[in-house]
Amino acid sequence: MGDMVESDNLSGRLVVTTALDQHLEKFPALISLSKEQFKCQRCQMVNQKSLYSLTADVFYCPDCLVLGRLTNQDYLLAYPEQNNFKIPLYPLSWRGTLTPKQQQISQKLCQVQLAKQEHLVWAVTGSGKTEMLFAMIAQAVSQGERIALAAPRVDVCNELYPRIQAAFNQVSVSLLHGQGASTYQYSQILICTVHQLLKFRAAFDLLVLDECDSYPYINNPLLHQAVLQAVKPRHCLIYLSATPSPEYLTRIQAGQLNYSLLNRRFHGHDLPKPQFCLVWKHNFGHLNYQLQRQIQFLIQQQQRFLLFVDSIRQAELLSQLIKHHFPQLKQTFVHAKDPLRGQKVQEFRDNHWQALVTTTILERGVTFYNIDVLVWQADSQRFNVQTLIQIAGRAGRSADHSDNQVIFFGQQYNSAIDQAIKQIERLNHDV
Ligand SMILES: [Zn+2]
């Protein structure tokens, strides 16, 4: 670790200050665009003064409120990035190996980093995308660059942090997000939520944006702005996704964004292809007969499974109905508002439950082995193409059980289901 000096903590930061601050570089936090409109210089969002006023002539920005309230009486100050790091001779302490395909992408990323380009890594779930970044990050560290790994969600950051620390144990690594990891310390590698990037200005030489297709980043102009402001004018920006959204696909098709595709998991087997089961008739409040038959089959096979549903209410209801029909099956439900959520997921991992009825909270980031996946009402509006592909990706995670079943139940075969199945087929055929 480098010797930290007080001023390092300001390096690359955008800080809030007052009119009393004598610093020549300070600038107003909010600027008037017209009599009625103003623009925030921290998040660049435009709002109406009359809607967000505190007194007759004091107004505030509602968009970046989560980082502290900025009013038109505040000032901002951007401290230049010093890149003041003690650089280890061998930054990478990870000693694992990559598959030939991973190796190929890893080398590509090293070139992209040198050329300061933007690049998308389209890597199916379970393909080991993090390890592919290591050589590039090590190269950037050696060059004294400052690096950020940002993700839209806190749990992704929390999962990434120990892995990066272990892989780069000679390098300063810190974690920053609004839920219990908010003590900031200057470091060469920062892992943070995308929101936190608003606290930086022209700080990062290399920025990796994980899950660039997921909520809340997707379609969020404020978070897109956060990324653009946090990087230096000359930078390298890497997007990671298992299911790129149209925003990226359009840019790829227009030749505006290069990408690397990793469509094989570690074990090299195909992704399980979802089957569609057309639901003939469904009476609310009853356990559908086709679903019942499938569950009966899974119980006989002693196969563990996840049953995805589109709402909290459905999760509780279906779990209740299954309990009534199959009292012998060890199952429970889980959703975002469930206080026992963490415990239940752990119990499922520990084989205490054979089945879990879940909302989309288990769509990403969680790895279970040898799990079949059922999606009830897969034709619901709540399940888009990306979500369905992510959910299907919960199955077939180990080499021994790469043939896990994925079944989408629905009353209609809609375009999201069709596209999800076709995209998985395409990935399996190396297109
Ligand atoms: Zn703002």
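Nothing here was measured: the structure is a model prediction, and the numbers come from that model. (Residues numbered from 1 in each chain as written. Predicted model: local features only at pLDDT ≥ 70, side-chain atom pairs only at ≥ 80, totals over all residues. Heavy atoms only, no water.)

### What to know about the sheet that holds strand β11 (residues 173–176)
One open sheet accounts for seven strands, arranged β11-β12-β10-β13-β14-β9-β15; its pairing is parallel. Only two strands of the sheet have a single partner each, and these edge strands are β11 and β15 (258–262). The mean angle between the axes of side-by-side strands here comes to 20°, regardless of whether they run parallel or antiparallel. Bridging between strand β13 (residues 204–209) and strand β14 (residues 231–241) involves five bridges; their strand directions are parallel. By the bridge assignment, L209 is partnered in β14 with Y239. Contacts from helix α2 (residues 129–142) reach β9 (118–123), β10 (147–151), β12 (189–193), β13, β14 and β15, with the element oriented near 175° to β13. (Pairing = 2+ DSSP bridges. Helix = DSSP H or I, 4+ residues; strand = E, 2+ residues; numbered from the N terminus. Axes fitted to C-alpha atoms, helices over the stretch in contact; angles between N-to-C directions. Contact = heavy atoms within 4.5 Å.)

### What to know about the pairing of strand β20 (residues 372–375)
The two faces of β20 match: D372 and L374 on one face and V373 and V375 on the other face are all buried. Taken together, the four bridges between strand β17 (residues 305–308) and β20 define a ladder with parallel strand orientation. Each bridged residue has a counterpart across the sheet, and for F308 the counterpart in β20 is V375. (Buried < 20%, exposed > 50% of the residue type's maximum accessible area, 1.4 Å probe, protein only.)

### Let's talk about the coordination of the zinc ion
Bound to the zinc ion are the protein donor atoms C40 (SG), C43 (SG), C61 (SG) and C64 (SG), situated 2.3 to 2.4 Å from the metal. Because the angles between the four donor atoms bound to the zinc ion fall within 103 to 118°, the donor set is best described as tetrahedral. Read N to C, the donor residues that coordinate the zinc ion are spaced as C-x2-C-x17-C-x2-C. Highlighted residues: C43 in the loop between β4 (37–40) and β5 (46–48) and C64 in the loop between β7 (58–59) and β8 (75–78), separated in sequence by 21 residues. For C43, a relative accessible area of 0% translates into the label buried. (Donors = N, O, S within 2.8 Å, 3.2 Å for Na, K, Ca; no water. Tetrahedral: all angles 85-135°; square planar, octahedral: opposite > 155°, others 65-115°.)

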